[in-house]
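So you can see what is in the structure, the chains are spelled out below.
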There are 2 protein chains.
Amino acid sequence: MPRAGLDRAAVVALALAVVDDGGSTGFADLTLAAVAARAGVAVPSLYKHVAGLPALRREVALVCIEQYGMALRAVRAEHSGAELLPAMARSIRHLARRSPGRYGAVQGAAWVHDPDAQAVRDASVRVVDELGDAVTALGVPPERRIDAVRAVRAAVHGFVVLELDGGFGMPDDVDVSFDFLVAGLVGGLERLSVS
Amino acid sequence: MPRAGLDRAAVVALALAVVDDGGSTGFADLTLAAVAARAGVAVPSLYKHVAGLPALRREVALVCIEQYGMALRAVRAEHSGAELLPAMARSIRHLARRSPGRYGAVQGAAWVHDPDAQAVRDASVRVVDELGDAVTALGVPPERRIDAVRAVRAAVHGFVVLELDGGFGMPDDVDVSFDFLVAGLVGGLERLSVS
DNA sequence: ACACAAAGCTAATGCCATTAGCCAAGCACG
DNA sequence: CGTGCTTGGCTAATGGCATTAGCTTTGTGT
């Protein structure tokens, strides 16, 4: 029987493929059995490369969060000033729609109290910092920065989650609603810089 | 062996207790085994009262969504005009913090494409209608009503989800951030009525 | 050519949901 | 009071999953 030639990275890549194929619940539904099937290998063989399902989830989440952060950094390289925040918001939604499973991996903050997930936490902090720069570029004063970032995260994340779960029953144009939300957000934050 | 005297309602009540004890993942972690243990009964006995785990989840979700809707209706009975929306937002967050597991049940919109979940969908629609009334009371014009409701849902839901998952790393006062978010939301929507 | 580490495997355990089929409790009616 | 049926409980069996233990084979490095 020929070897499959797996390694840690290959297993994570297969897991990402499973997540991608699983729609918006792809991450929650991630299973060692599915990864093993895709690798053409028996389930216990995976333990030669990853410590178990929770560890694999952690690795997958790390990749997804880093990808998320890279997307935001790319946005920052191409936009500035008041354009930065709306561009980031659009980028986040775009990412979530293109890879709903991976977006789900970014969410599930089981990491918060997991001592083995420092890398995941660090990556999350970098993402939040990007958003902080964007609100600052909007003129938000430093003492409001945290509140502003929280508001942005809440609004964008909430919208995306509701959209992915099909929570917006009406067929009415969701793009318009998103632009409306972002415009309101930007307007509200800009007014902070003058008042 | 004496009978346990269960019925459908009792099983759902036990399931709600399991959800309540399970923190913010209580709904996701709901298990027939846990319910059976609490009932002092073997797992298969539950099938005499509910059709299975998915069905039990549906029943639990229905209770939670109706409770959610009742809370909003209670708010509407006590507030009006521009005070209605902020009061509802606070009520939603309060509910979520007091019963994170139940809030999780409201979320998981697996119901959207489940033919057996019409009652759940109907209850959700009633909740959204409450919010629609609140934005209307703020002076939002009818053609913006849908966008406004979506923005409110996204912002509040996003905030609550991030808060429950511990997604707000900083210890900085989360109450202040929530008030900030709600104030921004109300301000943005009010400006629609004049422009 | 040999030895040893790494990468597969099978077998076994345990937890969960679900189905089938058995048994006893309690009520309903003669 | 008894006879019997409905009903709510049970055990046993099946199948999916994760995990652990321990065996075997492959490849590589010397």
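Residues numbered from 1 in each chain as written. Chains lettered and ligands numbered in written order. Predicted model: local features only at pLDDT ≥ 70, side-chain atom pairs only at ≥ 80, totals over all residues. Heavy atoms only, no water.

## What about the protein's contact with DNA strand D?
If you check the shell around DNA strand D, you find 21 residues, and the closest are Tyr47 of chain A together with Arg3, Ser45, Lys48 and His49 of chain B. Among the atoms of DNA strand D close to the protein, meaning within 4 Å, 60% are from sugar or phosphate groups. One of the side-chain nitrogen or oxygen atoms of Tyr47 of chain A is found 2.5 Å away from a phosphate oxygen of DNA strand D. In the environment of DNA strand D, a phosphate oxygen lies 3.0 Å from a nitrogen or oxygen atom belonging to the backbone of Gly5 of chain B. When residues of the surface near DNA strand D are traced back to their parent elements, those giving at least two are α2 (32–39) and α3 (53–78) of chain A. For the surface near DNA strand D, the residue count by class is 13 nonpolar, five polar and three charged. (Near = heavy atom within 4 Å. Polar contact = N/O pair within 3.5 Å; in protein donor to acceptor, adjacent residues only side chain to side chain. Helix = DSSP H or I, 4+ residues; strand = E, 2+ residues; numbered from the N terminus. Nonpolar A, V, L, I, M, F, W, Y, C, P; charged D, E, K, R; others polar.)

## Remarks on the interface of chain A and chain B
How big an interface is tends to be expressed through the accessible area that disappears when the partners come together. Facing the 34 residues of chain A at the interface are 34 residues of chain B. The tally of links from chain A across to chain B stands at zero salt bridges. Counting every contact that joins chain A to chain B gives eight residue pairs in polar contact (both at pLDDT 80 or more). Of all the secondary structure elements, the ones that give two or more residues to the side of chain A that touches chain B are α7 (145–164) and α8 (174–194) of chain A. The greatest single-element share of the side of chain A that touches chain B, amounting to 13 residues, is contributed by α7 of chain A. A per-class count over the side of chain A that touches chain B returns 18 nonpolar, eight polar and eight charged. (Contact = heavy atoms within 4.5 Å. Salt bridge = Lys/Arg side-chain N within 4 Å of Asp/Glu carboxyl O.)

## Some thoughts on the environment of Asp20 of chain A
Residue and element names in this part refer to chain A. Assignment of secondary structure puts Asp20 in helix α1 (residues 8–21). Asp20 gets classed as partly exposed once you look at its relative accessible area, which sits at 34%. Each C-alpha atom of the pair Asp20 and Leu62 lies 15 Å from the other, and the pair is 42 residues apart in sequence. What Asp20 contacts, discounting residues up to four positions off in sequence, is Ser99 and Arg102. At 2.8 Å, the side chain of Asp20 and the side chain of Arg102 are in polar contact. (Buried < 20%, exposed > 50% of the residue type's maximum accessible area, 1.4 Å probe, protein only.)

## Examining the protein's contact with DNA strand C
The immediate surroundings of DNA strand C are formed by 21 residues, with Arg3, Ala42 and Ser45 of chain A together with Leu32 and Tyr47 of chain B found nearest. What you see for DNA strand C is that sugar and phosphate hold 55% of its atoms within 4 Å of the protein. Ala33 of chain B places a polar main-chain atom, nitrogen or oxygen, 3.0 Å from a phosphate oxygen of DNA strand C. Contacts to DNA strand C include Leu53 of chain B, whose backbone N or O atom sits 2.8 Å from a phosphate oxygen. Counting only elements with at least two residues in the surface near DNA strand C, the list comes to α2 (32–39) and α3 (53–78) of chain B. When grouped by side-chain class, the residues that make up the surface near DNA strand C number 13 nonpolar, five polar and three charged.

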